[in-house]
Amino acid sequence: MNKKSSIAFKVLNTIIVTMIIGLMIAPFFIMLSTSLKSYAEVTRWPPKWIPDILKWNNYIEVWNKEGNIRTSFINSLIVSLSTMILCTILGTFAAYGVSRFKFKGKNMFLFLIIITQMFSAVILIGPMYGIIRDLGLLNTHLSLIIPNTAFALPMTVWLLHGYLEGISTSLEEAAMIDGCTHLQAVTKILMPILAPGIITSGLFAFIVSWNDLLFARTFITQTEMNTLSVALTSYQSLFATYWHKMMAASVISVVPVFILFLFIQKYLVKGLTAGGVKE
């Protein structure tokens, strides 16, 4: 009976996992399928999941001809990479200072970081618009980099702080006893172990900026400065939504994040074991 129960549990577990994976994959399949249809096939009822003829030309049109997707793609890449780099550098310094040094108001500092996450960007968009306008930054990349960094940085600090709290200071102390300077102990011993946290927080900042629509809609009015999230809305008019082209552009927008995940995957595993000491 125990053996039968074990087999039944494995079968049930496999079915549940398969259903969950199916539900997760379904939206991406629908997006890909729609991106390869014509407008007539998209509006047909009942819907046909696999189009008769794959319209690869949809991708060429949204990239080269309509919607300024190529320009918007480059704008999004500039803003997101800049936000990621800034959040990673500033977040690492801030998290290290809070985790490794004792100072007055340390707990208050951490509390204030959490408090900032309670404010929605919608509430602050008015004052922020006034600041960006007065600085003469409207319709520039900086008008998006600054607010995206401001909103992603608190979570970046908390993620890195959590990683640092789990790393014993004895690693750095042992390195300094062996002759390393404080800076060498941090760069050669601590940083390899902290790599998963740095990469995770950087990826978080990149995705936050990449998906931003509110700031891009508010601070950007020139078409050539639009980001990809704004460009995706250009396929919706008063009387129709061109879903096939919107989905083709959406597939293109997913590619950078997908490639980024593939690129950093090995570093996530490597950072878990690098730089440790034997007990």
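Relevant structure appears above.
Since this is a predicted model, take the numbers as computed values, not measurements.

Basis of the calculations
- Residues numbered from 1 in each chain as written.
- Predicted model: local features only at pLDDT ≥ 70, side-chain atom pairs only at ≥ 80, totals over all residues.
- Heavy atoms only, no water.
- Axes fitted to C-alpha atoms, helices over the stretch in contact; angles between N-to-C directions.
- Helix = DSSP H or I, 4+ residues; strand = E, 2+ residues; numbered from the N terminus.
- Parallel < 35°, antiparallel > 145°, perpendicular 65-115°, else oblique.
- Left-handed = near helix turned anticlockwise from the far one by under 90°.
- Contact = heavy atoms within 4.5 Å.
- Salt bridge = Lys/Arg side-chain N within 4 Å of Asp/Glu carboxyl O.
- Buried < 20%, exposed > 50% of the residue type's maximum accessible area, 1.4 Å probe, protein only.
- Patch = residues over 30% accessible without salt bridge, like charges linked within 9 Å, V, L, I, M, F, W, Y side chains within 5 Å.
- Areas by Shrake-Rupley, 256 points an atom, 1.4 Å probe, with all protein chains shown as cover.

Caption draft 1: Quick peek at the packing of helix α8 (residues 170–177) against helix α9 (residues 182–210). Packing of α8 against α9 leaves a shortest axis separation of 9 Å and a crossing angle of 140°. The angle between α8 and α9 falls in the class oblique. Along this stretch, α8 crosses α9, giving a crossing that reads as right-handed. Facing Leu171, Glu172, Ala175 and Met176 of α8, the residues of α9 in contact are His182, Ala185, Val186, Ile189, Leu190 and Ile193.

Caption draft 2: Expanded view of the pattern of salt bridges. Inspection of the entire model under this criterion finds three salt bridges. For arginine 44, the salt bridge identified is with glutamate 41, shortest N-O distance 4.0 Å. Arginine 44 sits in the partly exposed class, given a relative accessible area of 34%. On the basis of relative accessibility, which here comes to 10%, the residue glutamate 41 falls in the buried class. Across the pair glutamate 61 and lysine 245 runs a salt bridge, and its minimum N-O distance is 3.4 Å.

Caption draft 3: Local environment of a nonpolar patch on the surface. Together, Leu12, Ile16, Val17, Ile20, Ile21, Met24, Ile25, Phe29, Ile30, Trp49 and Ile50 make up a nonpolar patch on the protein surface, roughly 1100 Å² of accessible area in all. The residue isoleucine 30 is located in helix α1 (residues 2–35) in this model.

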